[in-house]
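Architecture at a glance
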Amino acid sequence: MADMTEPTRQTDATGQSGAANPPNLRITALNKSFGGVRALDSVDLTVPAGQVHALLGHNGAGKSTLIKCLGGAFPPDSGTIEVGGVPHTRLSPRESIAAGVAIIFQTLSVVDSLTVTENIFLGQEWTRYGRIDRRAQEKVAAELLDRVAASCSPRDRVGELPMGQRQLVEIAKALSRSASVLVLDEPTAALSGTESDALAARVEDLRRQGLAIVYVTHLLAEVERLADAVTVLRDGRVAHHSTGARQGRRELVDAITGGRGAASADSAEDRAASAGVSSARERGASAVGAVDPPGSAAPDPTMATTSPTASPTARLTVRGLRGPGFGPVDLTVGEGEILGLYGLIGSGRTRMLETLFGRRRASGGTVRVGERVVEPARPADALAVGIALVPADRRAQGLFPGLSAQDNVLLPTVGTLARRGVRALGAERRVFGSLAEAIGLRPARPGLPASAFSGGNQQKLLLGRWINEARAVDVLLLDEPTQGVDVGARQEIYDVVSTLAEQRGTAVLFASSDPEEAAALAHRCLIVDRGRVIGELSGAELTEEALLAAVHDADPDPPPTSASAPTPAVPHAPHHEGAA
Amino acid sequence: MTTATTATAAERAVPGPRALAAGGLATLRRQPLLLVLALLVLVFQLSTGSFLDPGNLRGIATDAAALAIVAVPLALLVISGYLDLSVGSTLALGALTAGWLAGEQAQSPVVAVVGALAVGAAVGAVNGVLCCYLGLSPFIVTLGMLAAVRGLAQQLFPLPLSGFGDGFAWLGGARIAGIAAPVVIAGAVLVAGALFLAYTPTGRHVFAIGVNREAAYLSGIDVRRTPFALFVVTGTAAALAGAIKASVLDSAVSGTSGAGFELTVLTAVLLGGVALSGGSGSVLGVLLGVLFLGCLQNGLTLLSVPTFWQQMAQGVALVAGAALAYFGPRTTR
């Protein structure tokens, strides 16, 4: 930081790194694991000056981990990060900034109560006779704002600016710190259509000014418009890399999904049947033998799946549900049906689920469980009518880390099991034991603290909370049911959920940003974008590729797809022809 | 520190019935303070020669009783993620109320004690409403109540009270099967606390709320009522301890009764392995913390160590204990 005290020097900093001209950013063989899960597996990424490098991959592919290693939030296990020719094996957040890396996260780090100028100079204020030199700062701030073509004034309070302007302020701040590498993490996610266009123009300007730009996005349209090079991450590895010529969308989608969609011919049926996309139906059927909770005879396993749209009884009926940031939403989940809500992070799925669970107040609409209209004001109310939620943020909202596995499963239920106010220890052990067997908990030790279990087994504990012998809910809401769960346990969790729906007729509504998961687990899947349902896929149409296409092709402008019309399974085939 | 240490602390803190039956070695591993306490006793016995005399032990037990009576409910409150700093003042108000009723008002000892308990419960209820239902910071609320209740006590009883009568003296002086009444009461509180934590649903909820309040709320657990009740119980217990002290001393002084008591109790609770961050702790640990402080104070007094050195020893013990818990061996992760 010591050498950063004069932010004016940045104007020509980008091009002057010496005759050899090393790329502004070169990441080599970067590895990072989290408790056995390989988040980054020997990832390489090179971004020279004046390049916009798109970083693609669906949620959990390793993009965030990569960015966080670059920004110094995580130390990588091995590998080097070279910024402007200087290699680092690890960076602290300070070192990262000093090296010239600026990361603009989706959640901006501007201080709303300060002015634009104060934000830009935060932590590197110019002083004159011990006082902040406001005038000089404002002059430079104005220049920087000009450079990013921001329309706000240096004296505006950031909290009063629209999102797009705040983002530009943050970019200006990065420029003031001589950034040579600019990372934009899904920069258009929170922007309106016109703001997105303006941002694209700024990105092009900054490229011309010689910055190396890493552009993280889900939208293939943005890649086509802006990117000079593309890297696709999948399961922590570089699944695809290309420079120069623009990529066909199909190729990128294949790289993101692992080529599952491309293996077969165009017909959607073939694709559904191709390797990897095994349907919930097949697996559900195969799981019946493995997981067999006592006392529940298996009904016809095809009942819920043969015609899910016309399911015999609706367990959960939602009409016109509205809340902050979403709605109105209509949906129906039948008995034994698994309905998916697929959409990108921030599309409002979590809020929908939390509203159904009474965690948030609905501003309108009706919810019925069976025939009964419910208006849960608190989670306890929702649970009382048989609705349970397994939240996405396992650590913050689900788990009791220091408490035992048995406590984690049975805490909400010990009261019902207790006799005359005294815990029924025998019954607790028995319920836990049979649950642990049914869900394949490993290790099946009731006394082990939940924090000692793997992510997958922790998730099983949270599921088990609502589906054990002592407490079985009618409607199970799952938010990102396998986030941070390794591949093997993921399948087991799907099996548990499928079996539950089949054998007990539980209505399952889950939200996922992982198309693979949505395609594998759901009988029927709604596509959610900016708080609204923009399409529905079911049966053979419900494939990973179709889901990806539906959201990635969604225009940054207000959704053109009409709310009722189902998104076609392969809407982007013409693009493929044209772009290749 | 939080995840790693609370995880291990909580596992040891939640003794299922099986753990209770487990051997002494396992207990020792879970409660390193037991070893420290044994060493302390050994050192004091060797250096004074009279530390283990029955008379002295009875003295320790009686002194520690008031501490234990408040430490147990306070520990539960801390486990659920809250805190009560007002217990010293509540103790004073309880002592004065009981003494005033028994002495000046010449009420029966039962009325005196019940009156004190009611006052304590009221103070606890105020704390509980402000912290649990209005969501104010327990640190700020109870720090404020520490001052406010002391002020109230001084306003109501500006002069020292004494001469509470023989009936009231029974509370502090009677022997039940050879054991002093306060010790019997403290024993009952300890057993009740341990049983509550291990064998009632609400006892499990105390841990759940302290470990992860949000998760407890999303699990349908009432995250306000239980800590509120614990505030009321803690206030009541503080007043009971005050009544006992008034009975033992046959006097109560609004300016000095229970002054600094809140910090001693909290020290015992924390020494006993209850995490200030909530979610872990055990009644056995609290008992050891109370006994440790009782023995330390008594032994140093026997050795004629000046009071300020005793206070320093207490402080050093707390910080050393915390440091040991932080830097000591961690079993998981």
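If you're wondering where the values come from, they're calculated on a predicted model, not measured in any experiment.

Focus: the overall build of chain B
Tallying secondary structure elements over chain B gives 16 helices and 4 strands in all. Counting all 333 residues of chain B, 52% fall into the buried class.

A few points about the overall build of chain A
Summing up its helical and strand segments, chain A has 22 helices and 24 strands in all. When each of the 580 residues of chain A is scored for burial, the buried share is 53%.

Some points on the interface of chain A and chain B
Across the boundary between the two partners, chain A contributes 30 residues, which contact 28 residues of chain B. Looking at the side of chain A that touches chain B, the elements that each hand over two or more residues are helix H13 (379-384), helix H14 (394-398) and helix H16 (414-417) of chain A.

Brief notes about helix H8 (residues 249-257) of chain A
Residue and element names in this part refer to chain A. Most of H8 sits out of view: 8 of its 9 residues are buried. Turning to H8, its buried residues number three or more, namely Arg249, Arg250, Leu252, Val253, Asp254, Ala255, Ile256 and Thr257. Gly258 sits one or two residues past H8 and shows a positive phi near 95°.

Focus: the sheet that holds strand S14 (residues 326-334) of chain A
Residues and elements named next belong to chain A. In spatial order, the strands read S14-S13-S16-S17; together these 4 strands make up an open sheet with antiparallel pairing. A strand with exactly one partner marks an edge of an open sheet, and here the two such strands are S14 and strand S17 (372-374). Adjacent strand axes in the sheet meet at a mean angle of 20°, parallel and antiparallel pairs treated alike. In this structure, strand S16 (residues 364-369) lies alongside S17, joined through 3 bridges in antiparallel fashion.

Regarding the environment of A:Thr416
All names here are of chain A. The residue Thr416 is located in helix H16 in this model. Since 12 C-beta atoms lie within 10 Å of it, Thr416 is described here as exposed. Between the C-alpha atom of Thr416 and that of Ala470, which follows or precedes it by 54 residues, the distance is 7.8 Å. Setting aside residues no more than four positions away along its own chain, Thr416 makes contact with Ala470 and Arg471.

Here's the deal with the sheet that holds strand S12 (residues 237-243) of chain A
Residue and element names in this part refer to chain A. Taken in spatial order, the 6 strands line up as S6-S9-S10-S3-S11-S12 in an open sheet, and their pairing is mixed. In the strand order of this sheet, the two ends are held by strand S6 (101-104) and S12, each with one partner. Averaged over neighbouring strand pairs, the angle between their axes works out to 15° when direction is ignored. Bridge count for strand S9 (residues 181-185) against strand S10 (residues 212-216) is 5 bridges, and the pairing is parallel. By the bridge assignment for S10, Val181 is matched with Ala212.

Some details on the confidence of the model for chain A
Residues and elements named next belong to chain A. Counting all residues, the mean pLDDT for chain A is 80, and 81% of those residues have values of 70 or more. Across chain A, element-level confidence peaks in strand S18 (residues 387-390) with a mean pLDDT of 96 and bottoms out in helix H22 (residues 573-579) with 36. Across residues 1-19, confidence stays below pLDDT 50; counting only partners more than four residues off in sequence or on other chains, it has 28 contacts. Between residues 261-311, whose pLDDT stays under 50, and residues either more than four places distant or in other chains, the model counts 90 contacts.

Thoughts on the pairing of strand S4 (residues 78-83) of chain A
Residue and element names in this part refer to chain A. Sheet topology places strand S1 (residues 25-34) next to S4; 5 bridges connect them, and they run antiparallel. Across the sheet, the residue bridging to Leu25 is Val83, located in S4. By the bridge criterion, 3 bridges tie S4 to strand S5 (residues 86-88) in an arrangement that is antiparallel. Counterpart to Ile81 in the pairing with S5 is His88.

Some words on the pairing of strand S21 (residues 475-479) of chain A
Residues and elements named next belong to chain A. Of all 5 residues in S21, 5 are buried, a share of seventy percent or more. Going residue by residue along S21, you find Val475, Leu477 and Asp479 tucked away on one face and Leu476 and Leu478 tucked away on the opposite face as well. Sheet analysis places S18 next to S21, joined by 4 bridges and oriented parallel. Across the sheet, residue Val390 finds its bridge partner in S21, namely Leu478. Here S21 pairs with strand S22 (residues 507-512) via 5 bridges, running parallel. Across the sheet, the residue bridging to Leu477 is Leu509, located in S22.

A short note on unusual backbone geometry
Note: most residues except glycine have negative phi, and most peptide bonds are trans. Residue and element names in this part refer to chain A. Of note, the amide linkage connecting Gly327 to Pro328 takes the cis form, showing an omega dihedral of 0°. Inspection of the secondary structure puts Pro328 in strand S14. Pro443 follows Arg442 through a cis peptide bond whose omega is -10°. Secondary-structure assignment places Pro443 in the loop between helix H17 (425-439) and helix H18 (455-464). At Tyr129, a residue that is not glycine, the phi angle is positive and equals roughly 50°. Topologically, Tyr129 is positioned in the loop between strand S7 (127-128) and strand S8 (131-132).

A word on the nonpolar core
The biggest cluster of nonpolar side chains holds 255 residues, and the ones touching the most others in it are B:Ile69 and B:Ala71. Here this core gets 15 residues from one element, more than from any other, and that element is helix H5 (residues 54-79) of chain B. Each of two domains, domain 1 (2-16 + 26-257) and domain 2 (280-301 + 314-396 + 473-579) of chain A, supplies a minimum of three residues to this core. Residues within four places of B:Ile69 in sequence aside, it is in contact with B:Ile185, B:Ala186, B:Val189, B:Ala237, B:Leu240 and B:Ala241.

Digging into the packing of H5(B) against helix H10 (residues 181-199) of chain B
Residues and elements named next belong to chain B. Two elements in contact, H5 and H10, have axes whose closest approach is 8 Å; the angle formed by their N-to-C orientations is 25°. Relative to H10, H5 is oriented roughly parallel. The hand of the H5/H10 crossing is left-handed. Packed against H5, whose contacting residues are Ala61, Thr62, Ala65, Ala66, Ala68, Ile69, Val72 and Leu76, the element H10 presents Pro182, Val183, Ile185, Ala186, Val189, Leu190 and Gly193 at the interface. Considering only residue class, the contact of H5 with H10 consists of 13 nonpolar, 2 polar and no charged.

Side note on the environment of B:Leu266
As for its placement among the helices and strands, B:Leu266 is situated in helix H14 (residues 261-271). Owing to 24 C-beta atoms within 10 Å, B:Leu266 belongs among the buried residues under this scheme.

Details of the confidence of the model for chain B
Within chain B, residue pLDDT values average 88, and 89% of them lie at 70 or more. Our summary of model confidence lists the complex with pTM equal to 0.72 and ipTM equal to 0.81.

Looking at the environment of B:Pro138
All names here are of chain B. Relative to the elements of secondary structure, Pro138 occurs in helix H8 (residues 138-156). Taking the C-alpha atoms as reference points, Pro138 and Leu83, separated by 55 residues in sequence, lie 5.8 Å from one another. If we skip the residues at most four places from it in the chain, Pro138 touches Tyr82, Leu83 and Cys131.

About the cut-offs
Residues numbered from 1 in each chain as written. Chains lettered and ligands numbered in written order. Predicted model: local features only at pLDDT ≥ 70, side-chain atom pairs only at ≥ 80, totals over all residues. Helix = DSSP H or I, 4+ residues; strand = E, 2+ residues; numbered from the N terminus. Buried ≥ 20, exposed ≤ 12 C-beta atoms within 10 Å, placed from the backbone. Contact = placed C-beta atoms within 7 Å. Pairing = 2+ DSSP bridges. Axes fitted to C-alpha atoms, helices over the stretch in contact; angles between N-to-C directions. pLDDT = per-residue confidence, 0-100. Core = buried A, V, L, I, M, F, W, Y, C linked by C-beta atoms within 7 Å. Domains from an automatic or database assignment. Parallel < 35°, antiparallel > 145°, perpendicular 65-115°, else oblique. Left-handed = near helix turned anticlockwise from the far one by under 90°. Nonpolar A, V, L, I, M, F, W, Y, C, P; charged D, E, K, R; others polar.

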